[in-house]
Amino acid sequence: MYKIERLTSRAQRKCFSVNKQTVEQRVMGSSGAERAAERLLLAALCSVCQALQDGMLFPTESPSREVKDVSGLWIFRADESPERSRGFEQQWYKSPLAETGPVIDMPVPSSYNDITQDAQIRDFIGWVWYEKDVWVPARWIQDRGTRIVLRVGSAHYYSVLWVNGVKVTEHVGGHLPFEADISGVLRQTSGNQCRITIAVNNTLTLETLPPGTIQYMTDRSRYPAGYFVQNTNFDFFNYAGIHRPVLLYTTPKAHIDDITVETTFSDNIGLVSFNVSVLGSSKAAVKVTLSAQDGRCVASADGSRGVLKVTDVNLWWPYLMHENPAYLYSMEVQATAEDGQTDVYTLPVGIRTVKVTSTQFLINNKPFYFHGVNKHEDADIRGKGFDWPLVVKDFNLMKWMGANSFRTSHYPYAEEILQMADRHGIVIIDECPGVGIKDIRSFGNVSLAHHLTVMEELVRRDKNHPSVVMWSVANEPASEMPPAGFYFKELVSHTRSLDSSRPVTYITASNYARDLGAPYVDVICVNSYFSWYQDPGHTELIGLQLNTQFDNWYGKYQKPIIQSEYGADAVPGLHSDPPMMFTEEYQKTVLQNYHNVFDQKRKEFVIGELIWNFADFMTSQSIIRVVGNKKGIFTRQRQPKAGAFLLRERYWRIANETGVLPTWARYPCL
Ligand code: GCB
């Protein structure tokens, strides 16, 4: 445990950053004593920070770029030494891992927790070591104009990367990608073989996102010496390991580092503003071409910034809102350096707008009602490991049930999932891992600085996805605590400064009168579990309590409201009539009672309902969880419970009322 604290503080200097210019602009907009206090805090933040400078474009192939997926079977060793520090002391990265001690096979991507029969590995806390030998194509190494990048889609929580024994980068935080230019290291070491070593630590501290604490148990009559547990305030298993693909990819030395697009339209003209940053050349000539789905070029421009005009625009519409949803243009960016080398990157672009009024959420100026789900990245065996069959199955199920949206509760999902959502027109509320912020010590400067950086990393990765319509900066924080006001004011305004085109929210379960962050959000997102955590068994109270909840929040803020979570556990196959808690009938009854109120309030200011949860998911062991959380309307294996059919009928009915169903869509309730 000692080890992560030491390394994290070194990483804080490197990675915890805020955009200095934005921060100074914000201070100038404030006044008086508040301004002085802000200046002090922000100066403190800036001293530990440097801005995120590089882009994080999803690696794709093109005439100038190659991608080599080095996921698959890796070898693995958990550092079981009492301090978990033997691997660093003995420098396991310096030689093949198998020479340091016993290793086992480990699939990547996957959580390591459920792969073996060993409960110690399932519940392991501390450093684990991964290694894989890969061959790098000789031409990549020989061609000095080629830049070779090693990229990890995500690893939970804290990672250090070595190539051939040389440290190339470290990264704080799960759920988001990180990468390193390894051309130099590969060219220094002989041959084309590349030994990749990744050490990953899942220890959470009061300043990580999500936060957690390590508790040493000192009562020797109950615990052996050195016994510790990790405490968290979130309701999902703290799966760990390398969760998303590991890739090697190339670009020319002078390369497109980042692209930012923002879109709008006026009548039938679509406008795509773009900003391209090129690294490795100060005079690269940039050309941007936008093509329609049939390959026709619809607009083009020279220069790294500009606005493309598209006549007779096909807008990007959500699923079930339009007969031709999810229309994507293809934007090809070419950057030609002084030496004549051209880098090419192609980005899908959906043209759409998002606006919020006091009672509505507008997509392309039309009211959008979220009828969707909350999800988790979670499945048997692989835990949080990325898995295409699971991703495609989940999209099929969402479309089957008529869901038009989901929230990435409670952390950013794999970018491949956002790409699917772009292509299918599924709307996303994109949430950062700010879950379980319950301890007052997690509202301090270091936590805030890290949270701002995570939002920078999230916006940098996801800003170009038309499916993403709103940022969520946290889930159920202790927003009634005094420091929460300043914390959320900063967090929300910083997120807005990173992206002014999308609304910002966080998900609250606090009392409407005492929530200190709600004044800063664009949309109120409320979680409630009437007849479950409150008044268990009393579904007859839902109507009254839910009406009161909505009227209180709207009365105070006059902002549109999403019911961002509601639900009840149902153990599949457990039945009772009259309904009792944990049966499928009870889950259905809870949903029906909520729906009755939604149907009244959606005529006024309620703009969405997201069931908790799409599927059952694993949690840590506790007396309120029967092998995980059972609030799914699908089982963990993605089979429907009775509640799934109820929602299916409802969502299609709402879609018929509010959207224009494509001709191919069958209304299943008839
Ligand atoms: C919540 C949390 C979610 C939990 C859920 C529950 O409010 O946001 O992470 O899983 O309740 O089932 O307790």
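Overview of the structure. Keep in mind that this is a model prediction, so the values were computed, not measured.

On to the environment of Glu99. Along the polypeptide, Glu99 turns up in the loop between helix H4 (86–89) and strand E3 (104–108). According to the relative accessible area criterion, Glu99 is exposed, its value standing at 61%. C-alpha separation for the pair Glu99 and Leu610, spaced 511 residues apart in sequence, amounts to 50 Å.

Moving on to the packing of helix H13 (residues 584–601) against helix H14 (residues 642–658). Packing of H13 against H14 leaves a shortest axis separation of 8 Å and a crossing angle of 20°. By the criterion of interaxial angle, the relationship of H13 to H14 is roughly parallel. Judged by the twist between their axes, the crossing of H13 over H14 is right-handed. For the pair formed by H13 and H14, the contact residues are Glu584, Gln587, Lys588, Leu591, Gln592, His595, Phe598 and Asp599 on the first element and Ala642, Gly643, Leu646, Leu647 and Arg650 on the second. Among the residues forming the contact of H13 with H14, the class breakdown is five nonpolar, four polar and four charged.

Inspection of the entire model under this criterion finds seven cavities of 30 Å³ or more. Roughly 160 Å³ of volume is contained in the largest cavity. Lining the largest cavity are 16 residues, and of these His376, Glu377, Leu390, Val391 and Ile417 sit closest to its centre. In terms of residue count, the dominant contributor to the lining of the largest cavity is helix H8 (residues 388–400) (four residues). The computed volume of the second largest cavity comes to approximately 90 Å³. As for the second largest cavity, its lining consists of Gly55, Met56, Leu57, Arg65, Arg147, Arg151, Glu179, Tyr249, Thr251, His255, Ile256 and Asp257. Among the residues making up the lining of the second largest cavity, the classes are represented as four nonpolar, three polar and five charged.

The ligand sits among 13 residues. The nearest are Asp235, His410, Glu476, Tyr533 and Lys631. One nitrogen or oxygen atom from the side chain of Glu565 is found 2.7 Å from an oxygen atom belonging to the ligand. Contact with the protein chains hides 91% of the accessible area of the ligand, taken as 320 Å² for the molecule alone. In a pocket analysis with a 2 Å cut-off to the grid points, the ligand is assigned to the largest pocket. For the shell around the ligand, the per-class residue count stands at four nonpolar, four polar and five charged.

Bringing the pattern of salt bridges into the picture now. A full pass over the atoms with the stated rule returns 32 salt bridges. Close ionic contact of Arg122 with Asp123 constitutes a salt bridge, the shortest N to O distance being 3.1 Å. Given the relative accessible area of 29%, Arg122 is considered partly exposed. Relative accessible area serves as the criterion here: at 37%, Asp123 is assigned to the partly exposed category. The partner of Glu179 in a salt bridge is Arg151, with the nearest N and O atoms 3.3 Å apart. Here Glu179 is found in strand E9 (residues 178–181), whereas its partner Arg151 is found in strand E5 (residues 146–152), with 28 residues between them in sequence. Connected through shared salt-bridge partners, Asp599, Arg602, Glu609, Arg650 and Glu657 make up one network.

Conventions used here
- Residues numbered from 1 in each chain as written.
- Predicted model: local features only at pLDDT ≥ 70, side-chain atom pairs only at ≥ 80, totals over all residues.
- Heavy atoms only, no water.
- Helix = DSSP H or I, 4+ residues; strand = E, 2+ residues; numbered from the N terminus.
- Buried < 20%, exposed > 50% of the residue type's maximum accessible area, 1.4 Å probe, protein only.
- Axes fitted to C-alpha atoms, helices over the stretch in contact; angles between N-to-C directions.
- Parallel < 35°, antiparallel > 145°, perpendicular 65-115°, else oblique.
- Left-handed = near helix turned anticlockwise from the far one by under 90°.
- Contact = heavy atoms within 4.5 Å.
- Nonpolar A, V, L, I, M, F, W, Y, C, P; charged D, E, K, R; others polar.
- 1 Å grid on protein atoms, 1.4 Å probe; cavity = no way out; pocket = protein on both sides within 12 Å on 5 of 7 lines; lining within 4 Å.
- Points joined across faces, edges and corners; volume = space filled by probe spheres on them.
- Near = heavy atom within 4 Å.
- Polar contact = N/O pair within 3.5 Å; in protein donor to acceptor, adjacent residues only side chain to side chain.
- Areas by Shrake-Rupley, 256 points an atom, 1.4 Å probe, with all protein chains shown as cover.
- Sits in = over half its atoms within 2 Å of the grid points.
- Salt bridge = Lys/Arg side-chain N within 4 Å of Asp/Glu carboxyl O.

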